[in-house]
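# Structural features, examined
Chain residues, written in single-letter form:
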Amino acid sequence: MQPHTSEVARLYQTEFVRSARAVGVLWAICTLCFAVIEVVILVQPSWVGTRELHYRGGGPPPQAGTLGLFEVCVESDWPVPECRGSLHTLTPLPAFQSPAVLVCMSLTMVWASVGCLSLFRFCNAATVYKICAWLQLTAGFCLALACVLFPDSWECAEMRALCGEGVSSFSPGNCSIHWAFVLAILGVLDAGILATLAFVLGNRQDALLPDDAKDGEVTGLLLSA
């Protein structure tokens, strides 16, 4: 009976390792994609943009353009819009310094979790998953704060120049939110899902594997292929 029980346990462990490897690889790929998305969210001047207005004459036509954390871009006669700001020096617009800092913190946390993927070779897999989960949870929290503070800072000179005098906190006047802001909101949900999955993977490592398989042997199996 003892050899049979040992064989069943070994088969169970092998199936668990295969399943954990597949889900872990998917989680790692999604984490890397999320890190790239965070870079796009940070640098793109498309958080807010002007709406389509019907110009009836009788004055200068309203300018059309978009605005982000670092730049204001206005359409011109050239194919490329004319952008004002300091993206190259990573200096945010004065009104959006707090959201920009929070997005930078979120970006740092996400890329730190990407860097932690290399620790699977040296550390217990459950520990690495939980470290990454806390990093991603913190990243999502920072990004959520940025999404709240950004519309709260709309009452500024840059927004008035682009969107008219009807701008106020949480009211964009003649503008509307654009895809980069929507992507930031989706990034909050993405961070929550990735963190939850990392916690689940870490807890399954602790709960389902036998005590003698929680060390480097399982870590090597998870990453070997």
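Residues numbered from 1 in each chain as written. Predicted model: local features only at pLDDT ≥ 70, side-chain atom pairs only at ≥ 80, totals over all residues. Heavy atoms only, no water.

## Some details on the pairing of strand β3 (residues 71-74)
We count it as follows: Relative accessibility decides the category of a residue: with a 1.4 Å probe and only protein chains considered, values under 20% of the type maximum give buried, values over 50% give exposed, and everything between is partly exposed. Numbering of helices and strands starts at the N terminus; helices are DSSP runs of H or I of at least 4 residues and strands are runs of E of at least 2. Should DSSP find at least two bridges between two strands, the strands are regarded as paired.
By the alternation rule, side chains of β3 split into Glu71 and Cys73 and Val72 and Val74, which are all buried. Both strand β2 (residues 65-67) and β3 contribute to a ladder of three bridges, which runs antiparallel. Paired with glycine 65 across the bridge in β3 is valine 74. In the sheet, β3 pairs with strand β4 (residues 82-85) via four bridges, with the strands oriented antiparallel. Each bridged residue has a counterpart across the sheet, and for cysteine 73 the counterpart in β4 is cysteine 83.

## Focus: the pattern of salt bridges
Quick note on the threshold: The working definition used for a salt bridge is a side-chain nitrogen of Lys or Arg within 4 Å of a carboxyl oxygen of Asp or Glu.
The final tally for this structure, using the stated rule, is two salt bridges. In this structure, arginine 160 engages glutamate 155 in a salt bridge whose closest nitrogen and oxygen atoms are separated by 3.4 Å. In this structure arginine 160 comes out as partly exposed when scored by relative accessible area, which is 30%. In the salt-bridge network here, residues are joined through shared partners; they are Glu155, Arg160 and Glu165.

## Looking at helix α2 (residues 97-115)
For the record, the criterion: To estimate the expected span of a helix, count its residues, drop one, and scale the result by 1.5 Å. The arc in question is formed by the directions pointing from the helix axis toward the C-beta atoms.
End to end, α2 covers 27 Å across 19 residues, agreeing with the expected 27 Å (1.5 Å per residue, within 8%). Listing the buried residues of α2 in full gives Pro99, Ala100, Leu102, Val103, Ser106, Leu107, Val110, Ser113 and Val114. Taken around the axis of α2, the buried residues stretch over an arc of 165°, which confines them to a single face.

Purely spatial values, then, with no claim about function.
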